[in-house]
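What follows is the residue order along each chain.
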Amino acid sequence: MKGAGIRQFFRNSRSFVLGAGIGSGMTARAAERAGADFVLALNAGRFRAMGGSSPASILPIRNTNEFVASFGRTEILPSTKLPVFFGACTFDPQLDIDRFLDRFIGWGFSGVTNFPSIIHIDDVRRALLEKCGLGYEREIELLVKAARRGLMTVAYTRTQSEARRMVEAGAEAICINFNLNREYEGGTDPSISLSELAARTSAVVRAAQSIDKGVICLLGGGPITKPDELLDICRETGVKGFIGGSSLDRVPLEMSVLEVTSGFKTIHLLREKVDLLERQLQLSGFTHGIVAQSSSMKRVLETARRLAGNTNPVLVWGEAGSGKRRIASLIHAFSDRKHTKPALFQCRRGPAIDTIGALLGSEGHANRKRQLSLLEAASNSTVLLMHVDQLTSDGQERLADYLETGSFTPLYGVSVLRSNARIVATATVARGAGLESVLSPRLLSLFVGLDIELPALPNRLEDLPQLIQHFTVEAKGDSNAQILAIEKSAFLALAGHHWPGNLRELRQIVNQLVAQKDAHIVAEVLKPLLSSGVHPKPTSAFSEREWIIEGLKRNRLHRGKTADFLGLSRKTLYNKMKKLRILE
């Protein structure tokens with residue numbers, strides 16, 4: 001079903017496409033002024049303008065195709081320059097599709113859509129029509145033949161099966177529509193909630209794109225009445241546009257249509273703004289690569305900002321892999337020396353000439369030339385001294401001399417040199433141990449009140465969902481990467497892990513999960529990755545109920561934001577809240 005450039009039409013439009021299902025010229029003019037991309041001449045729109053309702057569109061009140069042709073040709077086409085789609089009905093057993101389309105070509109419509117559709121009829125009556133050859137296959141035939149005649153087509157679908165059938169027939173654009181309007185309740189398909197709409201829409205989109213990844217998926221009507229509702233649904237389902245009916249023209253006043261349609265049209269601006277803010281947040285790495293949702297990490301950031309405001313030395317310490325280097329770099333970024341490039345020095349055990357000599361410099365001896373010290377080279381900047389605990393006792397004493405006096409003596413030298421380089425050091429301390437186990441008493445005393453202890457990962461589990469998302473973005477190299485779908489059992493396994501490697505270990509596990517490309521991460525998938533040792537669940541780990549309540553608090557009870565924050569679908573969050581009797 002190639003159509004007359006239907007994909008090109010949507011590609012030339014804005015990132016979000018808005019269609020208006022209407023029944024009068026006044027509404028067509030208002031929709032065009034408000035920024036709609038196309039309009040659909042539908043019998044439902046005319047019935048609404050006449051004081052009726054959308055469900056009337058499937059009743060045999062009058063000859064639908066002649067009805068649409070009459071007001072479409074005399075009112076809508078003369079009132080707008082937008083592409084106009086004709087809502088064609090195939091229920092009529094006397095309809096000759098080929099003859100109808102031959103007449104249709106000369107009317108001036110740009111495309112055809114299968115509305116009213118058999119998808120809106122209850123199962124019993126639909127089965128009778130299908131048996132008579134007046135069912136969904138006849139609607140597919142209509143759109144196939146229309147496309148062959150060079151017309152654009154949009155196919156109304158309701159189920160995954162219908163979407164697959166349409167796309168297999170060649171449909172390049174589908175409109176997913178579950179019911180006729182918010183108030184309509186009848187048969188076996190009452191009006192649905194926003195959360196159910198999102199879940200069902202996502203399923204239909206996946207079914208359609210499993211046949212053709214390039215198919216254009218639009219959302220039609222349903223319970224959506226506000227732009228912010230549409231924004232949430234689009235972000236969750238990935239649909240590229242919206243066709244509004246009663247939500248656009250239920251109030252027969254041109255200004256009302258203008259205001260409502262304009263609000264829906266701004267969805268692309270809202271989405272682009274949100275996406276930009278999210279990209280900026282990702283580029284800044286959640287505050288320079290640091291996730292800080294937990295109270296313990298927020299205190300770390302507050303302390304880092306406070307200590308960055310002077311030139312005193314700072315010591316950042318904690319377990320291996322806990323993110324000490326990022327905090328050290330952050331202190332420099334917060335300081336008044338942020339416009340200079342910090343010097344990075346990795347302390348390692350080895351010959352003094354390679355360790356102390358590189359930091360403090362060395363005078364020429366034994367056929368060696370004089371070695372310039374790092375303290376001299378970075379005199380007006382910051383030296384990030386990684387793993388200061390690896391310095392020998394002599395090295396620690398020499399560093400203590402510099403911190404006390406601002407001067408130092410190069411290795412094998414006698415002259416005293418001065419530097420203004422600021423020291424921001426890190427030290428690795430085993431779990432349960434203190435700084436006195438790795439630093440000399442004198443050096444340790446110089447960092448009293450100027451140190452920052454980083455919490456181990458088991459002590460900041462509130463950060464776990466955001467950390468997983470952050471590492472997923474890093475692994476995929478895409479700031480818009482979807483968070484891993486981690487099931488309850490898997491998340492509890494992560495929360496109960498001992499994490500001897502802290503953030504470094506978590507990053508490695510996330511990298512492996514991303515590489516596996518599993519749709520849903522369950523505990524069985526994680527077991528081989530966490531098998532380095534079985535450890536009891538930390539006492540500080542949140543229960544699932546506390547975890548969800550904490551997420552709700554942090555997002556001011558906004559359930560959509562809480563679901564994203566916790567890495568859950570909105571439907572899963574709702575089900576968990578109901579089961580755990582949260583906010584009842």
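Rules of the game
- Residues numbered from 1 in each chain as written.
- Predicted model: local features only at pLDDT ≥ 70, side-chain atom pairs only at ≥ 80, totals over all residues.
- Heavy atoms only, no water.
- Pairing = 2+ DSSP bridges.
- Helix = DSSP H or I, 4+ residues; strand = E, 2+ residues; numbered from the N terminus.
- Axes fitted to C-alpha atoms, helices over the stretch in contact; angles between N-to-C directions.
- Contact = heavy atoms within 4.5 Å.
- 1 Å grid on protein atoms, 1.4 Å probe; cavity = no way out; pocket = protein on both sides within 12 Å on 5 of 7 lines; lining within 4 Å.
- Points joined across faces, edges and corners; volume = space filled by probe spheres on them.
- Nonpolar A, V, L, I, M, F, W, Y, C, P; charged D, E, K, R; others polar.
- Phe/Tyr/Trp six-rings, centres within 6.5 Å; stacked < 30°, edge-to-face > 60°.
- Buried < 20%, exposed > 50% of the residue type's maximum accessible area, 1.4 Å probe, protein only.
- Lys NZ or Arg CZ within 6 Å of the ring centre and 35° of its normal.
- Arc of directions from axis to C-beta.
- Expected span 1.5 Å × (residues − 1).
- Polar contact = N/O pair within 3.5 Å; in protein donor to acceptor, adjacent residues only side chain to side chain.
- pLDDT = per-residue confidence, 0-100.
- Salt bridge = Lys/Arg side-chain N within 4 Å of Asp/Glu carboxyl O.

Draft legend 1. Structural context of the sheet that holds strand E6 (residues 173–176). In spatial order, the strands read E1-E2-E3-E4-E5-E6-E7-E8; together these 8 strands close into a barrel with parallel pairing. The sheet shows a mean angle of 25° between the axes of neighbouring strands, taken without regard to direction. In this structure, strand E2 (residues 38–41) lies alongside strand E3 (residues 84–87), joined through 3 bridges in parallel fashion. From the neighbouring strand, Val-39 faces E3, where its bridge partner is Val-84. Its contacts with the sheet put helix H7 (residues 136–148) on strand E4 (111–113) and strand E5 (152–157), and the angle it makes with E5 is roughly 165°. Together, E5 and E6 form the strand contacts of helix H8 (residues 160–168), whose direction differs from that of E5 by roughly 160°.

Draft legend 2. Focus on the layout of surface pockets. The calculated volume of the second largest pocket comes to roughly 490 Å³. In terms of lining residues, the second largest pocket is bounded by 24 residues, among which Gly-323, Lys-324, Arg-325, Arg-326 and Arg-504 are the most central. Elements that contribute at least two residues to the lining of the second largest pocket include exactly helix H16 (324–334), helix H21 (464–476) and helix H23 (502–516). Examining the composition of the lining of the second largest pocket, we find that 5 residues originate from one element, H16, more than from any other. For the lining of the second largest pocket, the residue count by class is 9 nonpolar, 9 polar and 6 charged.

Draft legend 3. Structural detail: the packing of aromatic side chains. Throughout the structure, instances matching the rule amount to 14 aromatic pairs. Taking the centre distance of 6.2 Å and the plane angle of 80° together, the rings of Phe-100 and Trp-107 count as edge-to-face. Each of the two residues, Phe-100 as well as Trp-107, counts as buried. Put simply, the rings of Phe-86, Phe-100, Phe-104, Trp-107 and Phe-109 pair up and form one aromatic cluster. Sitting above the plane of the Phe-334 ring, Arg-305 keeps its charged end 4.0 Å from the centroid. Above the ring of Tyr-574, the side-chain terminus of Arg-559 is found at 5.6 Å from the ring centroid.

Draft legend 4. Geometry of helix H27 (residues 570–579). Listed as buried for H27 are Arg-570, Leu-573, Lys-576 and Met-577. Viewed end-on, H27 has its buried residues packed into an arc of 125°, placing them on one side of the element. Every exposed residue of H27 that faces more than 90 degrees away from the buried side is listed here: Lys-578 and Lys-579. Once H27 ends, the next one or two residues include Arg-581, with phi positive near 60°.

Draft legend 5. Structural detail: H23. Between the first and last C-alpha of H23 there are 22 Å, a value that for 15 residues agrees with the 21 Å anticipated at 1.5 Å per step. Within the span of H23, buried status applies to Asn-502, Leu-503, Glu-505, Leu-506, Ile-509, Val-510, Leu-513 and Val-514. Where H23 is buried, its residues contact H21 and helix H24 (523–526).

Draft legend 6. Region of interest: the side chain of Ser-407. Along the chain, Ser-407 turns up in strand E12 (residues 407–408). Among the residues examined, Ser-407 registers a relative accessible area of 14% and is labelled buried. Side-chain polar atoms of Ser-407 contact the side chain of Thr-405, separated by 2.8 Å.

Draft legend 7. Summary view of the sheet that holds strand E15 (residues 451–453). Read from one edge of the open sheet, 5 strands run E10-E11-E14-E9-E15, paired in parallel fashion. Each edge of the open sheet is held by one strand with a lone partner, namely strand E10 (343–346) and E15. Taking each pair of neighbouring strands and ignoring which way they run, the sheet shows an average axis angle of 15°. Across 3 bridges, strand E9 (residues 314–318) lies against E15 in parallel orientation. The partner of Leu-315 across the bridge, within E15, is Asp-451. Strand contacts of helix H15 (residues 295–308): E9, strand E14 (422–428) and E15, with the helix running at about 165° to E15, the strand carrying the most contacts.

Draft legend 8. Molecular detail of unusual backbone geometry. Residue Pro-116 is bonded to the preceding Phe-115 through a cis peptide linkage, with omega at 0°. You can see Pro-116 is positioned in the loop between E4 and helix H6 (123–131). Of note, His-387 is a non-glycine position whose phi angle comes to about 60°, a positive value. Topologically, His-387 is positioned in the loop between strand E11 (382–386) and helix H19 (393–405). According to the relative accessible area criterion, His-387 is partly exposed, its value standing at 31%. Residue Asn-502 is not a glycine yet carries a positive backbone phi of 55°. By the element assignment, Asn-502 lies in helix H23. Asn-502 gets classed as buried once you look at its relative accessible area, which sits at 0%.

Draft legend 9. Structural view of the confidence of the model for the protein chain. Looking at the protein chain, pLDDT values average 81 and 84% of them are 70 or higher. When the criterion is pLDDT under 50, residues 182–190 qualifies, and its contacts beyond four places in sequence or with other chains add up to 18 contacts.

Draft legend 10. View of the pattern of salt bridges. Under the definition given, this model contains 19 salt bridges. A salt bridge links Glu-66 to Arg-103; its shortest N-O distance comes to 3.4 Å. Of the two residues, Glu-66 sits in helix H4 (residues 64–79) while Arg-103 sits in helix H5 (residues 97–105), which places them 37 residues apart along the sequence. Assessed through its relative accessible area of 38%, Arg-103 is described here as partly exposed. The partner of Arg-570 in a salt bridge is Asp-232, and the shortest N-O contact between them spans 3.9 Å. Within this pair, whereas Arg-570 is found in helix H27, its partner Asp-232 is found in helix H10 (residues 227–237), the two being separated by 338 residues in sequence. On the basis of relative accessible area, Arg-570 is assigned to the buried category, the value being 9%. For Asp-232, a relative accessible area of 26% puts it in the partly exposed group. Among the charged side chains, a network of salt bridges with common partners joins Asp-98, Asp-102, Glu-141, Lys-145 and Arg-149.

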